[in-house]
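Analysis of the macromolecular model
Each chain is listed here by its residues.
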Amino acid sequence: MSSTDGGGTVDPAVDPEEVERLRGEVDELHQQVDKLADRPARRHRTRRVVAVILVILTVVSLALAVPGTWVRRTTENTDRWVATVGPLAQDPAVQEYLARTIANEVFMALGVQEKLATVIQERAPQLGFLAAPITTSVQGFVQDQVMKLTQTQGFQTLWVEANRFAQTQIVAILHGKGSDIISSSNGQVVLNLLPIVNQALTQISQVASDLLGRTITLPTITTGEVPSEAIAKIEAATGVQLPSDFGQIVVLESQQLAAAQDGFTLVNRLVYATLILFVLFFIAAMWVSARRRRTLIQILSASALVLVVQRRLFIHEAVDIVSRAKPENQSAAQAVVNALKGSALRYTGWLLALALVTLLIALITGPYPWAVTFRGWVRDLFGAIVGAARGGDRSEAAGWVAAHRDPLLLVGAAVFVLLLLVLNVGWLGFLLLVAIGAAYGFGVWRVASTERGPEPEPEPEPGVDVAP
């Protein structure tokens with residue numbers, strides 16, 4: 001037994017060392033309890049930091065994957081490439097550039113100015129100063145004829161075929177495979193335009209015959225013909241020695257070929273790698289996060305911002321490319337850049353729309369007070385529409401629709417027009433938008449008319465009898 005007296009004296013039977021030991025054990029137990037209580041908080045903080053890092057990595061991988069996938073799907077897919085550049089044959093600026101370029105190629109091949117200067121020197125030396133003006137006039141005539149050629153359906157078909165064939169050959173070269181049509185001989189990759197040049201020569205065959213002093217009959221040259229063989233046919237028909245690169249455009253020089261092949265391979269590998277990393281980082285972020293909806297909203301918001309920035313960069317780079325072109329070629333360069341820019345903007349536009357729609361769904365379905373209120377309002381409105389169709393009870397939402405019928409119809413019409421201006425839809429998409437707009441307008445009108453009730457009959461004017 002142990003006790004203390006009124007003076008606070010400790011019973012001698014109690015061991016002070018035992019008391020200190022017990023106090024130490026109690027303090028140690030308190031520390032362990034504090035650690036156990038603090039462990040979930042530390043784990044939560046760690047998960048939150050890791051989730052933020054994974055969100056950043058997800059968005060970065062998306063930012064790298066988007067331009068790479070667009071380049072790959074646009075350049076490696078033949079049908080998509082032709083769909084992008086095929087319509088350029090109908091652009092007046094591109095037609096003018098091709099007509100001017102082909103006319104220069106033809107004049108170089110036929111040596112028009114030299115022949116005119118020789119003829120004038122032999123027959124009227126005193127008129128030698130007219131050689132240059134006459135050459136310019138003849139060249140203008142030839143360019144007009146070629147311009148007419150570029151506006152024909154046959155030329156546009158040939159343009160599509162040439163681009164389709166060239167795309168497959170250029171991709172083969174970039175993959176390290178050889179080609180007889182587009183070759184890397186002499187360290188150059190060249191694009192064969194001989195079929196188009198030959199058609200231009202055929203278009204001005206009479207002028208060419210007069211310039212050469214004999215009737216010429218030009219051969220038929222197909223898109224897939226080897227350039228050296230096609231040049232030999234034209235030489236045989238015209239009797240003119242042509243340069244080995246006649247009718248061809250150098251795509252890559254020798255010092256650029258290896259770098260282009262390495263870059264092409266690297267881009268292909270990076271596309272797959274970034275896409276895989278995007279999926280893995282996204283799954284990991286959602287798995288680690290303690291608040292998955294918030295993490296999803298963060299990823300979607302940051303991805304939408306990245307896509308907007310990339311679209312602005314596409315536009316800025318397009319302007320820069322056009323500014324670097326020669327002044328006389330800037331209109332054609334603008335048309336080409338617009339075609340590629342339009343493809344990039346459509347691609348990123350669909351991704352941006354997907355991100356924004358998913359973000360909107362994530363927000364609306366969330367536990368936020370405004371989202372709960374909105375869902376309740378939509379539920380009431382849907383009930384009001386069903387009730388209006390069945391002639392059922394009225395609701396607060398139906399009353400609000402009835403009070404704002406005209407503004408709702410105007411907003412619906414404005415959204416419909418805006419979607420038509422923004423979206424590049426075909427007939428099926430147009431009909432779908434019309435059906436949705438019609439359903440919206442009919443729903444608003446039906447709810448509003450049911451809530452307002454039937455229009456009251458006009459009161460009869462004084463002194464006018466109303467038939468029973």
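Residues numbered from 1 in each chain as written. Predicted model: local features only at pLDDT ≥ 70, side-chain atom pairs only at ≥ 80, totals over all residues. Heavy atoms only, no water.

The helix and strand inventory of the chain stands at 16 helices and two strands. Per-residue burial for the chain yields a buried fraction of 32% across its 468 residues. For the chain, restricting intrachain contacts to residue pairs at least 6 apart in sequence, the fraction spanning at least 24 positions comes to 70%. A total of about 28,900 Å² of accessible surface is found on the chain, and carbon and sulfur atoms cover 63% of it. (Helix = DSSP H or I, 4+ residues; strand = E, 2+ residues; numbered from the N terminus. Buried < 20%, exposed > 50% of the residue type's maximum accessible area, 1.4 Å probe, protein only. Contact = heavy atoms within 4.5 Å. Areas by Shrake-Rupley, 256 points an atom, 1.4 Å probe, with all protein chains shown as cover.)

Leu-88, Ile-234 and Phe-246 are the most contacted members of the largest nonpolar core, which totals 33 residues. At the level of secondary structure, the elements contributing two or more residues to this core comprise α3 (92-110), α5 (131-150), α6 (153-174), α7 (194-203), α9 (227-238) and α12 (330-364). The dominant element in this core, judged by the number of residues it contributes, is α3, at seven residues. Grouped together as the second largest cluster of nonpolar side chains are eight residues, Trp-70, Ala-304, Leu-307 and Ala-344 included. (Core = buried A, V, L, I, M, F, W, Y, C linked by side-chain atoms within 4.5 Å.)

A few words on the side chain of Ser-289. Within the secondary structure, Ser-289 sits in the loop between α10 (254-288) and α11 (292-324). The exposure class assigned to Ser-289 is buried, which follows from its relative accessible area of 2%. Within the local environment of Ser-289, its side chain forms a polar contact with the side chain of Thr-295, the two groups lying 2.5 Å apart. What Ser-289 contacts, discounting residues up to four positions off in sequence, is Arg-47, Ala-51 and Thr-295. (Polar contact = N/O pair within 3.5 Å; in protein donor to acceptor, adjacent residues only side chain to side chain.)

Along an α-helix, residues three or four positions apart point the same way, because every turn accommodates 3.6 residues. For α9, which comprises twelve residues, the first-to-last C-alpha distance of 16 Å matches the rise-based estimate of 16 Å (1.5 Å per residue) to within 8%. Pro-227, Ala-230, Ile-231, Ile-234, Ala-237 and Thr-238 are the residues of α9 that are buried. Taken down its axis, α9 places every buried residue within 125° of arc, on the same side. Facing away from the buried side of α9, by more than 90 degrees, are the exposed residues Ser-228 and Ala-236. (Expected span 1.5 Å × (residues − 1). Arc of directions from axis to C-beta.)

Our focus in this paragraph is helix α2 (residues 78-85). Those residues of α2 that sit buried are Thr-78, Val-82, Thr-84 and Val-85. Along the long axis of α2, the arc covered by the buried residues comes to 160°, so they all point the same way. In α2, the exposed positions that point more than 90 degrees away from the buried face belong to Asp-79 and Ala-83. Structurally, the start of α2 carries an N-cap: the backbone nitrogen of Asp-79 is 3.2 Å from a side-chain oxygen of Asn-77.

A cluster of basic residues, Arg-45, Arg-48, Arg-291 and Arg-294, forms a positive patch on the protein surface. Mapped onto the secondary structure, Arg-45 falls in helix α1 (residues 16-75). We classify Arg-45 as partly exposed; its relative accessible area is 39%. (Patch = residues over 30% accessible without salt bridge, like charges linked within 9 Å, V, L, I, M, F, W, Y side chains within 5 Å. Salt bridge = Lys/Arg side-chain N within 4 Å of Asp/Glu carboxyl O. Lys, Arg positive; Asp, Glu negative; His and termini not counted. Charge placed at Lys NZ, Arg CZ, Asp CG, Glu CD.)

In this structure, Thr-348 sits in helix α12. Among the polar contacts made by the side chain of Thr-348, one reaches the main-chain carbonyl oxygen of Leu-345 at a distance of 3.3 Å.

With that out of the way, let us pick up the pattern of salt bridges. Enumeration according to the criterion identifies four salt bridges in this entry. Ionic pairing is found between Asp-79 and Arg-164, a salt bridge with its closest N-O pair at 2.9 Å. With a gap of 85 residues between them, Asp-79 in helix α2 and Arg-164 in helix α6 connect regions that are remote in the sequence. With a shortest N-O distance of 2.2 Å, Arg-324 and Asp-320 are connected by a salt bridge. With Arg-324 and Asp-320 both in helix α11 and four residues apart, this pair spans about one turn of that helix.

A separate point is the packing of α11 against α12. Packing of α11 against α12 leaves a shortest axis separation of 9 Å and a crossing angle of 170°. Judged by the angle between their axes, α11 and α12 are roughly antiparallel. (Axes fitted to C-alpha atoms, helices over the stretch in contact; angles between N-to-C directions. Parallel < 35°, antiparallel > 145°, perpendicular 65-115°, else oblique.)

This part covers the packing of aromatic side chains. All told, the structure shown has three aromatic pairs when counted by the stated rule. For the pair Trp-70 and Phe-314, a centre-to-centre distance of 5.5 Å together with 65° between the ring planes defines the contact as edge-to-face. Linking Trp-70 in helix α1 with Phe-314 in helix α11, this pair joins segments that are 244 residues apart in sequence. (Phe/Tyr/Trp six-rings, centres within 6.5 Å; stacked < 30°, edge-to-face > 60°.)

Turning to the confidence of the model for the chain, a few remarks are in order. The predicted coordinates should not be examined in detail at positions where pLDDT is low. Counting all residues, the mean pLDDT for the chain is 76, and 72% of those residues have values of 70 or more. Between the elements of the chain, mean pLDDT differs from a low of 65, seen in helix α8 (residues 205-212), to a high of 90, seen in α11. A low-confidence stretch, residues 1-8 stays under pLDDT 50, and its non-local contacts, those more than four residues away or across chains, total nine contacts. (pLDDT = per-residue confidence, 0-100.)

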